[in-house]
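A structural walkthrough
Chain residues, written in single-letter form:
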Amino acid sequence: MTGLFTFLGVDYGQWKAVSKTAVRADFRVPLTQSGESYSLRTVRGLLMTALVHGAIGLAGAFIVFFNRDAVLTGTIVLMYLTFVLGTAVLMQHGATMLSAVDYLILGPRPVSSRTFLAIRLTNILFHALLLTTFMALPPILAFTLAHGVSLARGVAAAAAIYSWATALTLVLAASYGGLLRFAGVARIERVLAYMQLVVGLLMYGGLMLASRTLGREALTEATMPAEPWPWLIPPAWYAGYIGIATGQASGAAWARAALSLAVIGALVALLRGRLGMDYFMRVGELSAAAQPVAPARSSGGWMFRGGEARAVALLVFAHFRHDLRVRMGVLGILPLLLFYIVLGRDNPEADPFVAGPAGRPDVIALAVLLFPALLTQQFASSESYKASWIYTVTPADRAQLVIALKNIAIAYFLLPFLLLVAAIYAWHSPHLSHALAHTAILGMVSHLALQGAVLLNPQLPFARPTEKMSSSAVLLAWMMFVIIGGQALIWLLPRTVYVSWLKVAAAAGGLVALTWVLNRLIAWRVRATPN
Amino acid sequence: MIRTEELSHHYGVKTALHGLNLRVEPGEVLGLLGPNGAGKSTTVKILTGLIRPTSGRALVAGFDVVAQPLEAKQRLGYVPEQPALYETLTATEFLEVVSALHHLDPATAAPRRDELLELLGLGEARHQRLNAFSKGMKQKVVLAAALIHRPDVLILDEPLDGLDANSARVVKGLLRSLAAQGRTILFCSHILEVVERVCTRIVIIDKGRPIAEGAPGDIAASTGSATLDEAFARLTGVRDADEIGGDILRALERS
């Protein structure tokens, strides 16, 4: 073991000591003022993560049982994994690569750049592989048991899943490391914004392309597309391991499997080489970078001018501009929304007031429902969460703070998105009024869904420590809930509400009334909860 | 005015405060002293509304901090022991946030904020983000945040921590002036020389109970000590500092 570390230029003793501590620290989430115990939060976070990812894994296992083409089903499972891991790294763990937090501890110690990078990578890989494990167990079992028991198929599926998870995580980590090296500290915030969008677009766009290549037939009868398509789908290279284990691999599949391993090797070489040599220094520069002087103008936006709302607006804007984690989280959502919009445009209902065939969801509507809750999740935690003492020692109304956070997400993020959505519907629909009414109803339902989420779990802005274990699980759980509930709602709307303008008006009135009630309930709940 | 009545607090089975009775009058600077874990921070956290007492009452400017927290906090300025700040904000933005939380009119708060930052020597740095600030500069921002709404009551936990000698002198003078204006000040510090100079009265607590109270000179005299430092060591039962230093050196040489 130590020989491998020596080859990689990593000090084994330092790597082991710091990596163990880092993982321990991730599980020991700092106490908030609620005084909740470490162990309870950790166990809850782990359970949530296991449940959500296990459920996604079960969907993958289901497919394995219903289609006999093991390479195809393996590819589909790996695409699910790409979505889960990619979202987690884009919105959460990628920031670890650029974080200067532990640099202040390790900077003055005799730790080499490669060791520092290895410690960071280990932490990201640990979390990525933990998520992978929760998700992978059902499909691995399915590959072992479906269509006749085969241990070799199960082992090959596990190898494919873990190799792809490692490769994907290393690609994303190397992208952030490369950004630090090539963009330079001065431009990193601006370049990071573009990179977050580009990586997201590549990932979700790639997934969309792959799903279209694979999804032309009914799932039970689909087979792996003919050459050369599998070369364009990296998960298919790794899924090829399963074909090799069952003796069904072509020469091309062998070549792709060899390529998949070469990719991991190349990534390790890249990280060991140039990226690893000056990574420590780059993070150091980032931590000590001279901060630009901000313009004297007020930066909280014009909509929220006083009291708690003004305070929260200032915090949200400052975090979005200057907090890498928040910025990356928000910008990580945008490609996901674009992915939904493109999927929706591919399958547009000409008129949202006319019921489409069952099983064809309005994907754009799902994006509207998902967006606000995904967004406010990013504004609940902060590296500087301890500064939330100011909410407690000032006469600020905590209910107003919670509600202001919701309102700011709606005003500055959801409303512009709704304008875009209205334009898309208007483009496709023969009736402008139908497009506008549908968008308005969706906006109100989306707001209501956000209120529901806030009522269940009211959170002060930037007052919670960043928790690596549970936040991506919460996001995924919320996405699953909205996708299921949203589909039902979207199916119901043209059949029950859009049948007459009177019913549309009544529904809108009902939604406004519900919104008012929920706002009251949120305020009551927050005020009734002790500090 | 600050008042606590039979104030107690338990952390699980551990009792941090045992029925503490404290009274700080307007115009007074009370030094709250005690060894680590004596209950000072718990007292301050209760007075500032960060935690609730297990029993007893705490009043700030005549308002019960549990029953009328918003009224109490409107009149309270607080400097915490650690100046935790939202570091992505600039000094100006942070004070803008605090002003908004105090519902100050932006037109009134802006000149007051700029003047405070200027007087505290942060005029040029006011548009820089707080993560570029030194510890002393952050401390000044927290001080400005405690003063911006002109509170009647100030609770200061190690307010001079990190400040350079000149800034510390300014703050000490400021505290005396604020007290002279009739404001109530509770001052917690481990630096006894500062406490001796700034405070009009001192309460020493240990294990959640008051063990001495009076003017600094009176406390020293009552224990037969030449200085407050010596009196503090005697009252809190600490061994001779030189002796402990010698023991540490010997332990290092042994291992």
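Source: prediction; values computed, not measured. (Residues numbered from 1 in each chain as written. Chains lettered and ligands numbered in written order. Predicted model: local features only at pLDDT ≥ 70, side-chain atom pairs only at ≥ 80, totals over all residues. Heavy atoms only, no water.)

**Focus: the overall build of chain A**
- Broken down by element type, chain A carries 20 helices and 0 strands.
- Within the span of chain A, comprising 531 residues, buried residues form 56% of the whole.
- Taking all contacts inside chain A whose residues are at least 6 apart in sequence as the whole, residues at least 24 apart take part in 81%.
- Taken as a whole, chain A presents about 22,400 Å² of accessible surface, with 70% of it coming from carbon and sulfur. (Helix = DSSP H or I, 4+ residues; strand = E, 2+ residues; numbered from the N terminus. Buried < 20%, exposed > 50% of the residue type's maximum accessible area, 1.4 Å probe, protein only. Contact = heavy atoms within 4.5 Å. Areas by Shrake-Rupley, 256 points an atom, 1.4 Å probe, with all protein chains shown as cover.)

**Things to note about the overall build of chain B**
- Helices and strands together make up the secondary structure of chain B, namely 10 helices and 10 strands.
- In summary, chain B has a C-alpha radius of gyration of 19 Å against a globular reference of 18 Å for 255 residues, a match within 12%.
- Reported as C-alpha extents along the three principal axes, the dimensions of chain B are approximately 55 × 45 × 35 Å.
- Buried residues in chain B amount to 53% of all 255 residues. (Rg over C-alpha atoms; globule rule 2.2 N^0.38 Å.)

**Here we look at helix α15 (residues 363-378) of chain A**
All names here are of chain A.
- An ideal rise of 1.5 Å per residue puts 22 Å on 16 residues; α15 measures up with 23 Å between its terminal C-alpha atoms.
- The axis of α15 is deflected most strongly, by about 30°, at Leu370, and proline Pro372 appears within four residues downstream.
- The element α15 is extensively covered by neighbouring structure, given that 16 of its 16 residues are classed as buried. (Expected span 1.5 Å × (residues − 1). Bend = angle between axes of the 7 residues up to and from the residue.)

**Observations regarding the environment of Val198 of chain B**
Residue and element names in this part refer to chain B.
- Tracing the chain through its elements places Val198 in helix α7 (residues 192-198).
- For Val198, a relative accessible area of 3% puts it in the buried group.
- Val198 sits 10 residues away from Gly208 along the chain, and the two C-alpha atoms are 24 Å apart.
- Dropping the residues within four chain positions of it, Val198 is found in contact with Val29, Lys172, Leu175, Arg176 and Phe187.

**Thoughts on the side chain of Thr184 of chain B**
- For Thr184 of chain B, the position within the fold is in strand β8 (residues 184-188).
- Residue contacts for Thr184 of chain B: discarding those within four places in its chain leaves Met1, Ile2, Val24, Glu25, Pro26, Gly27, Glu28, Asp152, Val153 and Leu154 of chain B.

**Description of the sheet that holds strand β2 (residues 14-24) of chain B**
Residue and element names in this part refer to chain B.
- The 4 strands are arranged β2-β1-β4-β5 in an open sheet whose pairing can be described as antiparallel. Edge positions in the open sheet fall to β2 and β5 (63-64), since each of these has one partner strand only.
- Taken together, the 5 bridges between strand β1 (residues 2-11) and strand β4 (residues 55-60) define a ladder with antiparallel strand orientation. Directly across from Ile2, in β4, lies its bridge partner Val60. (Pairing = 2+ DSSP bridges.)

**Looking at the pairing of strand β3 (residues 29-33) of chain B**
Residues and elements named next belong to chain B.
- Buried residues dominate β3, accounting for 5 of its 5 residues.
- Burial along β3 is two-sided: the residues Val29, Gly31 and Leu33 and Leu30 and Leu32 are all buried.
- In terms of strand pairing, β3 meets strand β9 (residues 201-206) through 4 bridges, oriented parallel. Within the sheet, the bridge partner assigned to Leu33 lies in β9 and is Ile204.

**Quick notes on the interface of chain A and chain B**
- Taken together, the 42 residues of chain A in the interface contact 33 residues of chain B.
- Summing both partners gives a buried area of about 3,200 Å² for chain A against chain B, and 65% of it is carried by carbon and sulfur.
- Taken together, chain A and chain B are joined by 2 salt bridges.
- Here Arg310 of chain A makes a salt bridge to Glu96 of chain B, at a shortest N to O gap of 2.5 Å.
- Across the chain A-chain B interface, the total number found is 8 residue pairs in polar contact (both at pLDDT 80 or more). (Buried area = accessible area lost by both parts, 1.4 Å probe. Salt bridge = Lys/Arg side-chain N within 4 Å of Asp/Glu carboxyl O. Polar contact = N/O pair within 3.5 Å; in protein donor to acceptor, adjacent residues only side chain to side chain.)

**Things to note about the sheet that holds strand β7 (residues 153-157) of chain B**
All names here are of chain B.
- Pairing is mixed in the open sheet, where 6 strands are placed in the order β6-β7-β8-β3-β9-β10. The strands lining the two open edges of the sheet, one partner per strand, are β6 (76-79) and β10 (209-214). The sheet shows a mean angle of 15° between the axes of neighbouring strands, taken without regard to direction.
- Packing of helix α5 (residues 135-147) onto the sheet brings it into contact with β6 and β7, and relative to β6 it is tilted by some 170°.
- Of the strands in this sheet, β3, β7 and β8 are in contact with helix α6 (residues 165-180), which crosses β8 at around 145°. (Axes fitted to C-alpha atoms, helices over the stretch in contact; angles between N-to-C directions.)

**Side note on the packing of helix α2 (residues 12-27) of chain A against helix α6 (residues 113-145) of chain A**
All names here are of chain A.
- Relative orientation of the contacting elements α2 and α6 amounts to 45°, with a least axis distance of 9 Å. Relative to α6, the element α2 is oriented oblique. When you trace α2 past α6, the crossing you get is right-handed. Where α2 approaches α6, its residues Gln14, Trp15, Val18, Ser19, Ala22, Val23, Asp26 and Phe27 are matched on the opposing element by Thr115, Ala118, Ile119, Thr122, Asn123, Phe126, His127 and Leu130.
- Residue composition of the contact of α2 with α6, by class: 9 nonpolar, 6 polar and 1 charged. (Parallel < 35°, antiparallel > 145°, perpendicular 65-115°, else oblique. Left-handed = near helix turned anticlockwise from the far one by under 90°. Nonpolar A, V, L, I, M, F, W, Y, C, P; charged D, E, K, R; others polar.)

**Section: a nonpolar patch on the surface**
All names here are of chain A.
- A cluster of nonpolar side chains, Phe62, Phe65, Phe66, Leu141, Leu145 and Val149, forms an exposed patch at the surface whose accessible area comes to about 660 Å².
- Taken together, the elements giving at least two residues each to the nonpolar patch come down to α3 (38-66) and α6.
- When residues in the nonpolar patch are grouped by element, the largest group, 3 residues, is from α3. (Patch = residues over 30% accessible without salt bridge, like charges linked within 9 Å, V, L, I, M, F, W, Y side chains within 5 Å.)

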